[in-house]
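Spelled out from the first residue to the last, the chains are:
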Amino acid sequence: MTWQNFQQKFQTIRDNKVFELFVISIIIFSSLMIGIRTYDLHPIVENVLRFLDYAVTLFFLVEIVIRIAAESRIRDFFKKGWNIFDFVIVVVSLIPLDDSEYALIARMLRLFRVMRLISFIPELRVLVSALITALPRMGYVGLLMFIIFYLYAVIGNLLFSQINPQLWGDLGISLLTLFRVATFEDWTDIMYETMTVYGLSWIYYVSFIFFSAFVFLNMMIGIVVDVLDEEHKKMEAEKLGESLDEHLTFEARVENELSDLHRKIDLLLSKQER
C-alpha cells in the first residue's frame with residue numbers, strides 16, 4: 001500500500017463529520033476535567049482524572065498527526081492560522097510539568113484546550129476572525145473615546161474636586177469616576193451630589209453619557225457587524241472554493257484510475273497477442 005493510499009484514508013478520517021464531532025466532544029470532556037479538578041477530590045478520583053488527562057493528550061496528538069498526514073504536503077497544514085493554533089496547543093500540552101513545581105502552569109496551559117473549539121466550529125472561527133479584523137478600526141474609536149474621557153476628566157477635576165475629592169481628586173480618579181458613569185453604576189448619585197453646588201452640572205453628565213454610551217458604543221457595534229458580514233462572505237467563498245477543489249480532485253482521481261485501467265487492458269492485450 002502506497003503513501004497516497006494512506007493519505008486518502010487520513011483525508012477520509014479528517015473530513016468525516018463523526019470524527020469531527022468526536023474531537024469536539026473530547027475537547028469539551030477535557031475542559032470539564034480541568035473544572036472538576038478545581039474541587040477537593042478523593043485521591044482515587046484524582047488518579048483517574050490524571051490518567052484520563054494523559055489519554056486525552058495522546059488522543060490530541062494522534063488527531064493532529066492525522067490532520068498533518070492528510071495534507072499532500074506538510075507545509076500546507078501550516079498555511080492556515082487555525083492549524084498552527086491547534087498545533088501549538090497540542091505541543092504545549094505535551095510538556096511534562098504535572099509532577100513539578102510548575103504544575104499550576106501545566107493546568108493553565110491545558111485549559112487552553114477549550115480554545116480548540118473555536119478552530120473546529122466554523123461560526124466561532126468567523127466570530128473570532130471578525131473580532132481580530134475589527135480591532136484596528138475599533139482602536140481608532142477607542143482613541144477618540146479616550147480623548148473625550150480625558151477632556152471630561154480634566155473638566156470634572158477642575159469643577160468638582162472640592163465637592164468630593166474621592167471621586168474627582170486627580171486625573172486618574174476622575175477617569176475611574178467617568179468609567180463608572182459610562183457603565184451607569186449609580187451615576188445619578190454622583191450627579192445629584194454635584195448639582196447641590198452646580199445646578200446645571202447635569203449637562204456635563206448627560207452630554208458625556210450621550211457620547212460614551214450611545215455614539216461610541218453604536219460605532220463599535222457598527223464596526224463589528226460590518227466586519228462580521230465580510231467574514232461570513234469570505235467563509236461562503238471558501239466553502240465554494242473547497243467544493244470546487246474537491247470536485248476537481250475527484251475528477252483527477254477518476255482520470256488516474258481510468259488511465260491505470262487502460263494501461264492494464266493494454267498489457268493484457270499485448271500478452272494475448274504474444
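Quick note: structure is the one above.
Every value quoted in this text rests on a predicted model; they were computed, and no experiment measured them. (Residues numbered from 1 in each chain as written. Predicted model: local features only at pLDDT ≥ 70, side-chain atom pairs only at ≥ 80, totals over all residues. Heavy atoms only, no water.)

(A) Region of interest: the packing of aromatic side chains. Following the criterion strictly, the structure yields 16 aromatic pairs and no others. Ring geometry for Phe160 and Tyr204: centres 5.4 Å apart, planes at 80°, overall edge-to-face. Linking Phe160 in helix α8 (residues 122–160) with Tyr204 in helix α12 (residues 202–273), this pair joins segments that are 44 residues apart in sequence. For Phe160, a relative accessible area of 1% translates into the label buried. Ring plane angle 70° and centroid distance 6.1 Å describe the contact between Trp168 and Tyr204, whose orientation is recorded as edge-to-face. With a gap of 36 residues between them, Trp168 in helix α9 (residues 165–168) and Tyr204 in helix α12 connect regions that are remote in the sequence. Tyr204 carries the same exposure label as Trp168, and that label is buried. Aromatic ring contacts, followed pair by pair, group Phe149, Tyr152, Phe160, Trp168, Tyr198, Tyr204, Tyr205 and Phe208 into a single cluster. (Phe/Tyr/Trp six-rings, centres within 6.5 Å; stacked < 30°, edge-to-face > 60°. Helix = DSSP H or I, 4+ residues; strand = E, 2+ residues; numbered from the N terminus. Buried < 20%, exposed > 50% of the residue type's maximum accessible area, 1.4 Å probe, protein only.)

(B) Local environment of the pattern of salt bridges. Per the stated rule, a full pass over the model turns up 7 salt bridges. Note that Glu20 is salt-bridged to Lys17, the shortest N-O span being 3.9 Å. Here Glu20 pairs with Lys17, and both are found in helix α2 (residues 17–36), just 3 residues apart, close to one helical turn. Residue Lys17 is classed as exposed on the basis of its relative accessible area, which comes to 57%. The partner of Glu230 in a salt bridge is Arg137, and the shortest N-O contact between them spans 3.7 Å. Here the residue Glu230 occupies a position in helix α12, and Arg137 occupies one in helix α8, the gap between them amounting to 93 residues. Looking at Arg137, the relative accessible area reads 33%, which means it is partly exposed. Several salt bridges share partner residues, and in doing so they unite Glu63, Arg67 and Asp86 into one network. (Salt bridge = Lys/Arg side-chain N within 4 Å of Asp/Glu carboxyl O.)

By themselves, these figures tell us nothing about what the structure is for.
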